[in-house]
Amino acid sequence: MGREKRPIRARLESALVWLLCAAPLLLILAWGFTGDLTANPVEFVLRDLGLWGLRFLCLTLAVTLLAKYGRMPRLMRYRRRIGLWAFAYVALHLLTYVVIAHEFDWAEIATDIAKRPYITIGMGAFALLVPLAVTSANAVRRKMSPKAWRKLHRLIYLIAIMGVIHYFLLVKADTSSPLLYGGIVLVLLAARMPLGSLFKSAGNRAVQR
Amino acid sequence: MLIRNAPDLSDNDVTDHGLYIRRRQFMAGVAGLGLAACSGSSPASAAALKFRPNRMPIDEAKTPLGDVTSYNNFYEFGTGKEDPAKYAGMMRTRPWTIVIDGLCDRPGRYAIDDLIKRFPLEERIYRMRCVEAWSMVIPWVGFPLASLIKAVAPQSGAKFVAFETLRDPRQMPGQRGSVIQWPYREGLRLDEALHPLTLLAVGLYGQTLPNQNGAPIRLVVPWKYGFKGIKSIVRIRFTDKRPQTSWEMLAPREYGFYANVNPAVDHPRWSQAKERRIGEFFRRKTLPFNGYGEQVAGLYRGLDPRQLY
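*Asks:* Just give me the short version of a positive patch on the surface, but keep the residues and values in it.
*Replies:* All names here are of chain A. Together, Arg80, Arg141, Lys147, Arg150, Lys151 and Arg154 give the surface a local cluster of positive charge. With respect to the secondary-structure elements, lysine 147 resides in helix α7 (residues 146-153). Assessed through its relative accessible area of 67%, lysine 147 is described here as exposed.

Shown next, in the form of structure tokens:
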């Protein structure tokens, strides 16, 4: 990433980030046209969107760390966008579940939420994501105190953990993939722990942000 | 028929008959064969079988061959639905013998080709309902398990039949992990095994069974969830005790021994009331005993149907 501030370059960079974020969705659409969504497209799309939701949650968490420790401060300007794409993938995942997988069968969906912990947790995680998406808009953010905004957006830690549990509970036997994401989330959260404060009395608030 | 001591063949003696080579399959792991070039779309080994055509009409469309061979569970090759099609080419299906032992009068090692010659093959178009709530309609070719069982004369003490899949991590990369305690095990009550619907399949769509679908011989029990249909069978044992079965060992609350298709009993994590027929957009209702209740419900008279999951 260059340091030049020429608008054209910034715009290209922005377009590239947007394209990368949209790529998984564009790929699903492309596979839909070429008939490459496996023999069970509904299941495949449902799983793929959910997985990308979790991946983008991880990416959002990683941006802060990369910006700080990876000397890529410019990444910060894309944190909101990446977070909103996480919301978009999770929302599309839920939409696929409601519309295509369960054909608006609300009774069935209600039973799922009540009886199946992985659905309960998944729904809960989505419910917590909504206020984060809404308060991402500049107009809304300006109305909030920065402190309240930061506090609210720490919910992403909980949401990422819930996403991993949701994934872990739904797989049949092979837990390797959910455990991998569990490990990633754990590392991303652990890196935010104010380890320094264990040794120094000075707090390390910047890391927590 | 009875092979007392099949000579161990070296790799050079093994014909490539069982190597089911398809596009997107690669030969990793089959060292020394030097078969780098994959043939075009038609499988090298799928030979036409002679069989009596299906006699149980079913007015549901057959699932296209491409879907049957590219989307299934066969954890020996990986836990992904596409893994079997990708990696099952590594499995050698000739020579192949099935050990039959336990409580029967004619135990022994039976060669697959002798079994195929001995028992007349017939086509059976069956619904296949996976416990994951998707389903297919599949034209199998095979012979009733009952024919084989009668031929080996089970003793009066035999109450159950236990099956085992090949265990060989060199041919089955999924077995290098321990998702399941290998080998894969399945079992039936003897009366279930003797039921005329219960089939040992050796073919699919009129051709020899593709590796990923359980070549060279697999079980098909159409009124039970698909995981009961154990693939690539190497051992059949008659016992007086209910055998342990792989999925029951893994999660007894989720997968029972009977595993009869039952829309009234949910899997703990999803409803079994409906199923997604591969190739269809809207789900259909799941039928008790997968629609074979008329033929098989009698087997379970007196048992609580809610226990038959």
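*Asks:* Give me empty space enclosed by the protein: which residues, what numbers.
*Replies:* All names here are of chain B. Across all of its chains, the model carries four cavities of 30 Å³ or more by this definition. The calculated volume of the largest cavity comes to roughly 340 Å³. What lines the largest cavity is a set of 26 residues, among which Asn73, Phe74, Gly226, Phe227 and Lys231 lie closest to the centre. The element best represented in the lining of the largest cavity is strand β5 (residues 134-144), accounting for four residues. Taken together, the residues of the lining of the largest cavity break down into 16 nonpolar, six polar and four charged.

*Asks:* Help me get a handle on the interface of chain A and chain B, residues and values and all.
*Replies:* Size of an interface, as often reported, equals the accessible area lost when the parts are brought together. Every contact between the two is made by 20 residues of chain A and, on the other side, 26 residues of chain B. Buried area between chain A and chain B, summed over both chains or domains, comes out near 1,900 Å², and the portion from carbon and sulfur atoms is 47%. When the buried area of chain A at its contact with chain B is split by residue, Ala39, Glu103 and Lys172 of chain A rank highest and sum to 35% of it. At the junction of chain A with chain B, the criterion picks out six salt bridges.

*Asks:* How would you explain the side chain of glutamine 171 of chain B if you had to name every residue and give the values?
*Replies:* Residue and element names in this part refer to chain B. With respect to the helices and strands, the residue glutamine 171 is situated in the loop between β6 (160-165) and β7 (185-189). Residue classification places glutamine 171 among the buried residues on the basis of a relative accessible area of 7%. Among the polar contacts made by the side chain of glutamine 171, one reaches the side chain of aspartate 168 at a distance of 2.8 Å. Setting aside residues up to four positions removed in sequence, glutamine 171 forms contacts with Phe77, Met90, Met91, Arg92 and Leu166.

*Asks:* Residues and numbers for the confidence of the model for chain B, please.
*Replies:* Segments scoring low in pLDDT should not have their predicted coordinates read at a detailed level. Residue and element names in this part refer to chain B. Of the residues in chain B, 84% reach a pLDDT of 70 or more, and the chain-wide mean stands at 87. Contacts from residues 1-44, a stretch scored under 50 in pLDDT, to residues over four places away or in other chains number 66 contacts. Under the prediction, the complex receives an ipTM of 0.82, its pTM being 0.83.

*Asks:* Kindly report on the pattern of salt bridges, identifying the contributing residues and their values.
*Replies:* Close approach of charged atoms lets side chains of opposite charge pair. Enumeration over the complete set of coordinates arrives at 27 salt bridges over all chains. The salt bridge partner of aspartate 105 of chain A is lysine 274 of chain B, with a shortest N-O separation of 3.1 Å. Here the residue aspartate 105 of chain A occupies a position in the loop between α3 (79-101) and α4 (106-115), and lysine 274 of chain B occupies one in strand β12 (residues 274-277), the pair thus bridging two chains. Classification of aspartate 105 of chain A as partly exposed rests on a relative accessible area of 22%. Across the pair arginine 269 of chain B and glutamate 254 of chain B runs a salt bridge, and its minimum N-O distance is 2.6 Å. Taken together, the residues span a long stretch of sequence, with arginine 269 of chain B in the loop between α6 (246-250) and β12 and glutamate 254 of chain B in the loop between α6 and β12 at a distance of 15 residues.

Conventions and cut-offs
Per chain, residue numbering runs from 1 following the sequence as it is written. For naming, the first written chain is A and the first written ligand is 1, with later ones following in the order written. Local features in a predicted model are, by the rule used here, given only for residues with pLDDT of at least 70; side-chain atom pairs are given and counted only at 80 or more, and totals for whole chains, interfaces and linings are based on all residues. To obtain the side-chain values, all non-hydrogen atoms of the structure were included, while hydrogens and water were left out. Patches draw on residues past 30% relative accessible area with no salt bridge. Two like charges within 9 Å are joined, as are two nonpolar side chains (Val, Leu, Ile, Met, Phe, Trp, Tyr) within 5 Å. The Shrake-Rupley method, run with a 1.4 Å probe sphere, supplies the accessible areas, and residue values consider only the shown protein chains as cover. Here, a salt bridge means any side-chain nitrogen of Lys or Arg that lies within 4 Å of a carboxyl oxygen of Asp or Glu. Lys and Arg are tallied as positive, Asp and Glu as negative. Neither His nor the chain termini are counted. By convention, the charge on Lys lies at NZ, on Arg at CZ, on Asp at CG and on Glu at CD. The numbering of helices and of strands both runs from the N terminus, where a helix is a DSSP run of H or I of at least 4 residues and a strand a run of E of at least 2. We call a residue buried when its accessible area falls under 20% of the maximum for its residue type, exposed when it is over 50%, and partly exposed in between, using a 1.4 Å probe and counting protein chains only. Definitions used for this entry: grid spacing 1 Å over protein atoms alone; cavity, a set of points where a 1.4 Å probe fits but cannot get out; pocket, an open set with protein on both sides within 12 Å along at least 5 of 7 lines; lining residue, one with an atom within 4 Å of a point. Grid points are joined across faces, edges and corners, and a volume is the space filled by probe spheres set on the points. Residues are sorted three ways: Asp, Glu, Lys and Arg are charged, Ala, Val, Leu, Ile, Met, Phe, Trp, Tyr, Cys and Pro are nonpolar, and all the rest, Gly among them, are polar. Whether two residues are in contact is decided by their heavy atoms: any pair within 4.5 Å suffices. Put simply, buried area is how much 1.4 Å-probe accessible surface two parts lose in total, over both of them, once they are put together. What qualifies as a polar contact is a pair of N or O atoms within 3.5 Å, subject to a donor-acceptor requirement within protein and to the restriction that residues adjacent in sequence count only when both atoms come from side chains. pLDDT measures the predictor's confidence residue by residue and takes values from 0 up to 100.

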